[in-house]
Amino acid sequence: DAGITQSPRYKITETGRQVTLMCHQTWSHSYMFWYRQDLGHGLRLIYYSAAADITDKGEVPDGYVVSRSKTENFPLTLESATRSQTSVYFCASSVSAGGQETQYFGPGTRLLVL
Amino acid sequence: GDSVTQMEGPVTLSEEAFLTINCTYTATGYPSLFWYVQYPGEGLQLLLKATKADDKGSNKGFEATYRKETTSFHLEKGSVQVSDSAVYFCAITANTGNQFYFGTGTSLTVIP
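All of these numbers come straight from a predicted model, not from anything done at the bench.

Draft legend 1. A look at the pattern of salt bridges. By the definition in use, this model includes 6 salt bridges over all chains. The residue R36(A) makes a salt bridge to D38(A) at a minimum N-O spacing of 2.8 Å. Comparing R36(A) with D38(A) shows no difference in burial state: the two are buried. Of the charged contacts in the structure, one is a salt bridge between K77(B) and D84(B), with a shortest N-O distance of 2.8 Å. On the accessibility criterion, D84(B) (6% relative accessible area) is buried.

Have a look at this one:
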């Protein structure tokens, strides 16, 4: 009954450091997504993945790297964190890419870059 | 490109008041429309959805009707409760696409 989990839930780091946010889902959903949530912007898509080893850019991909070696995991890496990447990050998954499909969200990771 | 414009908050209502949160969209083709809710400290949860014109989505007393002629999907509830306090997001997605477009969110606080 785990669903979709994210770790860590809270992270403080410094400018220039590499940070990896983890996302794990137990439903075997094909599609996984990373969003960032910022005041005044709602949620914006960073990257998404249609299946293992298939990833694509979303609206705001700069400064981020993703990988998907296994269907259930979709880590997001900030290669060299910047203050503008302070945000709340949400992972989501869905069965397929059809427009009618619901996306299921994890609880989020709050990241503060000092 | 596709986009969503959502009523700005915050909104504060007394318990049992009527709620409307406006949402309009811009999209090519025939998008699916969604309302998600985010309770404090949690991720987003699907509240309701509609996938074609004139469809009405409903859940937990909330309703929204897909109005293609006005490109709108306004969220309504006849009598709000304190437990409805949350942030509400309108979202659209094209029927052949992977990307959701979210509004900026509307914070609702219901006071006893």
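Draft legend 2. Representation of the state of the cysteines within the structure. Per the stated rule, a full pass over the model turns up 2 disulfides over all chains. The partner cysteine of C23(A) in its disulfide is C91(A), sulfur to sulfur 1.9 Å. Taking the torsion about the S-S bond as the criterion, the C23(A) to C91(A) disulfide, at about -75°, is left-handed. In this pair, C23(A) is assigned in strand β3 (residues 19–25) and C91(A) in strand β9 (residues 87–94), connecting sequence segments 68 residues apart. An identical accessibility class is assigned to C23(A) and C91(A); each is buried. A sulfur-sulfur distance of 1.9 Å marks the disulfide that ties C23(B) to C90(B). Between C23(B) and C90(B), the disulfide has an S-S torsion of -70° and is therefore left-handed. Of this pair, C23(B) sits in strand β4 (residues 23–26) while C90(B) is found in strand β10 (residues 86–93), placing the two residues 67 residues apart along the sequence. The buried category is assigned to C23(B), whose relative accessible area is 0%.

What counts and how
Residues numbered from 1 in each chain as written. Chains lettered and ligands numbered in written order. Predicted model: local features only at pLDDT ≥ 70, side-chain atom pairs only at ≥ 80, totals over all residues. Heavy atoms only, no water. Salt bridge = Lys/Arg side-chain N within 4 Å of Asp/Glu carboxyl O. Buried < 20%, exposed > 50% of the residue type's maximum accessible area, 1.4 Å probe, protein only. Disulfide = S-S within 2.5 Å. Helix = DSSP H or I, 4+ residues; strand = E, 2+ residues; numbered from the N terminus.

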